[in-house]
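Survey of secondary and tertiary structure
Listed below are the residues making up each chain.
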Amino acid sequence: MTGSRKPSPQDIADALRDRIRTGTLKPGDRLPTQARLAEEFGVERGTVRQALHGLHRDGLINHVTKGSPPRVAAPAEPAVSATPEPQPSMVALAPRLVAAFKQPHVRVDAVSFTAETLMNALTEPIRQIHAGLLHPNSIDVRILLPSSDIELAFPVPVAAEAEDEGRDRLHQRWLAQRNAQGQVLRHNLLTLRNEPHGIDVHVTFRALPFTSPVKLYVLNGHEALLAYYTLHRDRVELDAEGGETLELWDAGGLKTPLFSFTGGTNPRDSGFVEESQKWFDALWETITTDLTLS
């Protein structure tokens, strides 16, 4: 601090803040006494006290008293939410599956529009099994998908004049994707039956008589992950050459936010996991039918 103007409380606070930021003053260190700071900056003690009170309000030092000098405060811990912030389904599901596959007996129950998200997210735990990082004894995957016999709630054409033919072509497009993704998912999991892994793997599909407005994953009966299918306007190619397109209402399953609820964290989350498992089991055992991926 040079020149004829005496440092203000803000000047002193900024100088001390810079020492804390650069590590010259570390968490737990005592600051110099108010007398020494007043001498260093060429000001009255009252000016120093104002600067210290400002640093205290900012959480950089502990309580300022007239006795011993204050200490540099420890960095504040970041706030931890009881429930993690939702992330896109493709991002959120893979690490949760890896955690679930650390258990000796893995059970994954899924309700979705297609198996695309689950197929992609399972790539990582399967890779870790092949790399010798995960060692489950058994894997049981049950998947509920819309029946091929129903009229899907989505995707649907935007234009009324394209309704009939457009619906049929979108249905066939969805059916091909549903079957292909399900076959890849099943194949990738069943390879784990082979040596050197020898894991007891079961993958079963059943058909829903309706289009689910949500996707749900229940992992080991302990965690439930839920996402809402939110419709948006899109355009797709209906032929391989890309010459014919159709504007439609569709739901982007990979990007929709996935909300996680873990049993045992609090009564609300535990209740949600329990009811989600009950809902899945009730559908599986009652109104669903066998699904063949042709």
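Just so it is clear, the structure is predicted and the values come from calculations on it, not from any experiment.

**What to know about the side chain of Ser 276**
In this structure, Ser 276 sits in helix H8 (residues 267-285). Separated by 2.8 Å, the side chain of Ser 276 and the backbone oxygen of Phe 272 make a polar contact. The contact partners of Ser 276, leaving out residues within four places of it in the chain, are Leu 216, Val 218 and Ala 224.

**What about the pattern of salt bridges?**
Counted under the stated rule, the structure contains 16 salt bridges. For the salt bridge of Glu 223 with Arg 96, the shortest nitrogen-to-oxygen distance reads 3.0 Å. Here Glu 223 is found in strand E7 (residues 223-228), whereas its partner Arg 96 is found in helix H4 (residues 89-100), with 127 residues between them in sequence. Across the salt bridge formed by Glu 165 and Arg 169, the nearest N and O atoms sit 3.7 Å from each other. Residue Glu 165 and its partner Arg 169 are located together in helix H7 (residues 163-190), separated by four residues, close to a single helical turn. Of the residues examined, Glu 165 reaches a relative accessible area of 54% and is grouped as exposed. Several salt bridges share partner residues, and in doing so they unite Arg 107, Asp 109, Arg 142 and Asp 281 into one network.

**Thoughts on the packing of aromatic side chains**
The final tally for this structure, using the stated rule, is six aromatic pairs. Ring plane angle 35° and centroid distance 4.9 Å describe the contact between Phe 113 and Phe 154, whose orientation is recorded as tilted. With Phe 113 in the loop between strand E2 (105-111) and helix H5 (116-121) and Phe 154 in the loop between strand E3 (138-146) and strand E4 (156-157), this pair connects stretches of sequence that are 41 residues apart. Both residues of the pair, Phe 113 and Phe 154, count as buried. By the ring-pair criterion, three or more aromatic residues cluster together here, those being Phe 113, Phe 154, Trp 174 and Tyr 229.

**A closer look at the environment of Arg 30**
Residue placement: Arg 30 occurs in the loop between helix H1 (9-22) and helix H2 (34-41). Arg 30 gets classed as partly exposed once you look at its relative accessible area, which sits at 42%. Along the primary structure Arg 30 and Asn 62 are separated by 32 residues, whereas in three dimensions their C-alpha atoms are 9.9 Å apart. Excluding its chain neighbours within four sequence positions, the residues that come into contact with Arg 30 are Leu 25, Ser 68, Pro 69, Pro 70 and Arg 71.

**Digging into the sheet that holds E4**
An order of E4-E9-E8 is seen for the three strands of this open sheet, with the pairing classed as antiparallel. In this open sheet, the two strands that pair with only one neighbour each are E4 and strand E8 (231-237). Note: E4 against strand E9 (residues 245-251), two bridges, orientation antiparallel. Residue Val 156 lies in a different strand from E9, and its bridge partner there is Trp 249.

**Notes on the pairing of E9**
As judged from the seven bridges shared by E8 and E9, these two strands associate in the antiparallel manner. Across the sheet, Arg 235 pairs through a bridge with Glu 247, a residue of E9.

**Quick look at the nonpolar core**
Soluble globular proteins tend to pack their nonpolar side chains together in the buried interior. One finds Leu 97, Phe 101, Leu 118, Ile 139, Leu 185 and Leu 189 to be the most contacted residues of the largest nonpolar core, which totals 37 residues. Residue contributions to this core peak at six residues, all from H4. What Leu 118 contacts, discounting residues up to four positions off in sequence, is Leu 93, Leu 97, Val 108, Ala 110, Val 141, Ile 143, Leu 185 and Tyr 217. The next biggest cluster of nonpolar side chains, apart from the first, holds 18 residues, and it includes Ala 13, Leu 25, Ile 61 and Val 64.

What counts and how
- Residues numbered from 1 in each chain as written.
- Predicted model: local features only at pLDDT ≥ 70, side-chain atom pairs only at ≥ 80, totals over all residues.
- Heavy atoms only, no water.
- Helix = DSSP H or I, 4+ residues; strand = E, 2+ residues; numbered from the N terminus.
- Polar contact = N/O pair within 3.5 Å; in protein donor to acceptor, adjacent residues only side chain to side chain.
- Contact = heavy atoms within 4.5 Å.
- Salt bridge = Lys/Arg side-chain N within 4 Å of Asp/Glu carboxyl O.
- Buried < 20%, exposed > 50% of the residue type's maximum accessible area, 1.4 Å probe, protein only.
- Phe/Tyr/Trp six-rings, centres within 6.5 Å; stacked < 30°, edge-to-face > 60°.
- Pairing = 2+ DSSP bridges.
- Core = buried A, V, L, I, M, F, W, Y, C linked by side-chain atoms within 4.5 Å.

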